[in-house]
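# Inside the fold
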Amino acid sequence: MLEIIFLGTGGIMPNKERNVPSIALRYGGEVILWDAGEGTMRQLNIAKISPMKVEKIFITHFHGDHYLGLMSLLQTMTLWDRKKPLHIYGPKYTFKFVQSYLESGFFRPSFEIHVHELGEARLKFGEYEIWSFKVEHGIPALGYVFKERDRRGNFELRKIEELGLKPGPWMKELEIKGRVVVDGKEIQLEDVTGDRKKGVKVVYTGDTLPCERVRLFSENADLLIHEATYLSEEDRGESYHSTVSEACQTAKRAKVKLLALFHRAFRYTYDEYAEKAKELCSHNFIIPRDFDVLRLGDSYELSSLR
Ligand SMILES: [Zn+2]
Ligand SMILES: [Zn+2]
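Let me begin by describing the structure that accompanies this report. (Residues numbered from 1 in each chain as written. Chains lettered and ligands numbered in written order. Predicted model: local features only at pLDDT ≥ 70, side-chain atom pairs only at ≥ 80, totals over all residues. Heavy atoms only, no water.)

### Focus on the packing of aromatic side chains
In the structure shown here, the tally under the stated rule is 16 aromatic pairs. Grouped by ring-pair contacts, the aromatic residues Tyr27, Phe58, Tyr89, Phe125, Tyr128, Tyr144 and Phe146 constitute a single cluster. Sitting above the plane of the Phe111 ring, Arg82 keeps its charged end 5.4 Å from the centroid. The ring of Tyr273 is capped by Arg264, whose NZ or CZ atom sits 5.6 Å from the centre of that ring. (Phe/Tyr/Trp six-rings, centres within 6.5 Å; stacked < 30°, edge-to-face > 60°. Lys NZ or Arg CZ within 6 Å of the ring centre and 35° of its normal.)

### Describing the coordination of the zinc ion (ligand 2)
Here the zinc ion (ligand 2) is held by His61 (NE2), His63 (ND1), His137 (NE2) and Asp207 (OD), and the distances to it run 2.1 to 2.4 Å. Along the chain, the residues donating to the zinc ion (ligand 2) are arranged with the sequence spacing H-x1-H-x73-H-x69-D. (Donors = N, O, S within 2.8 Å, 3.2 Å for Na, K, Ca; no water.)

### Here's the deal with a nonpolar patch on the surface
Residues Ile12, Met13 and Phe266 make up a contiguous nonpolar surface patch of about 280 Å² in total accessible area. Looking at the element boundaries, Phe266 is found in the loop between β14 (258-262) and α11 (270-280). (Patch = residues over 30% accessible without salt bridge, like charges linked within 9 Å, V, L, I, M, F, W, Y side chains within 5 Å. Areas by Shrake-Rupley, 256 points an atom, 1.4 Å probe, with all protein chains shown as cover. Salt bridge = Lys/Arg side-chain N within 4 Å of Asp/Glu carboxyl O. Helix = DSSP H or I, 4+ residues; strand = E, 2+ residues; numbered from the N terminus.)

### A short note on the nonpolar core
Core analysis: the biggest nonpolar cluster contains 31 residues, and Val244, Leu259, Leu261, Tyr273 and Ile287 have the highest contact counts within it. Listed by contribution, the elements that provide at least two residues to this core are β8 (128-134), α8 (212-218), α10 (244-253), β14 and α11. In this structure, Ile287 is in contact with Leu261, Arg264, Tyr270, Tyr273, Ala274 and Ala277, ignoring residues within four places of it in sequence. Formed by 30 residues, the second largest nonpolar core is a distinct cluster that contains Ile23, Leu118, Tyr144 and Leu223. (Core = buried A, V, L, I, M, F, W, Y, C linked by side-chain atoms within 4.5 Å. Buried < 20%, exposed > 50% of the residue type's maximum accessible area, 1.4 Å probe, protein only. Contact = heavy atoms within 4.5 Å.)

### Comments concerning the environment of Gln43
Tracing the chain through its elements places Gln43 in helix α1 (residues 40-46). Taking the relative accessible area as the measure of exposure, Gln43 reaches 2% and is therefore buried. With residues up to four places along the chain from it excluded, the contact list for Gln43 reads Leu7, Asn19, Asp290 and Phe291. Only 2.8 Å separates the side chain of Gln43 from the side chain of Arg42, close enough to count as a polar contact. Of note is the side chain of Gln43, whose polar atom sits 3.3 Å from the side chain of Asp290. (Polar contact = N/O pair within 3.5 Å; in protein donor to acceptor, adjacent residues only side chain to side chain.)

### Focus: the coordination of the zinc ion (ligand 1)
Ligation of the zinc ion (ligand 1) by protein atoms is provided by Asp65 (OD), His66 (NE2), Asp207 (OD) and His263 (NE2), these donors lying 2.1 to 2.2 Å from the ion. Because the angles between the four donor atoms bound to the zinc ion (ligand 1) fall within 88 to 161°, the donor set is best described as irregular. If you list the donors of the zinc ion (ligand 1) from N- to C-terminus, the spacing comes out as D-H-x140-D-x55-H. In this structure, the zinc ion (ligand 1) lies 3.6 Å from the zinc ion (ligand 2), and both are coordinated by Asp207. Taken together, the residues Asp207 in the loop between β12 (201-204) and α8 and His263 in the loop between β14 and α11 connect sequence positions 56 residues apart. Assessed through its relative accessible area of 2%, Asp207 is described here as buried. Overall, the relative accessible area of 0% leaves His263 in the buried class. (Tetrahedral: all angles 85-135°; square planar, octahedral: opposite > 155°, others 65-115°.)

Pasting the structure below:
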């Protein structure tokens, strides 16, 4: 089960109602952060998520609303005498930004920090992978995919019996090796199990103009968290952001199950934005607020920590 905790959902300017971008992914006892805007430490605290559980932080780009919270996270981890290494991933210049951070103030981290600069990458971690892809934001900027590994189907008694076999210790061996010989018959794992279970797939665009790579990487995703800063092209002006209609179009074309409209400009109130989004988007969508939690398995469940 993957849990997505929206720590900050607004764009550019924090206000009373919403903070700047940060998304926590809780999976198998680990916490991954996608972006860490200013105030992310506070948001984690309110959500009762310990920063000590965070092992990987993925920054989409170096605009203040997406990374200025890193410093307080690193300092809090040091204050609590963290020993576990921390991995920070991001686009070109991530190393430079983290290094200049560490050189400012009287501060030395108590743990190792590993910095990884990414272009388009596919990183494998146990039960899941993180993919990065380039987006269009006028500066080096990435989007990310969380992809849970597909799992084999369950053993099916009917299939076992049809082969004239009985359940037994051979099943354990089959699970490990993928094939086994029982009573002189070679059995493949697929012969006695049901359909493979697709792992959950979640995509986060960071900030971007509408972009073909987002559609490509979002194909059949369970959730696409697409920035939709503006309600109209007129409001967008010359900025490198997307509108609700554009995010909606991408979600439709990529056949994603659920779209989350993210990074709303502070000029719109939630109600005003939600009302207009209903007119502009006919795809299945949500507009997460800070501290909303989305649990993704075979279906999804939305709740709030507020
Ligand atoms: Zn932004
Ligand atoms: Zn930006």
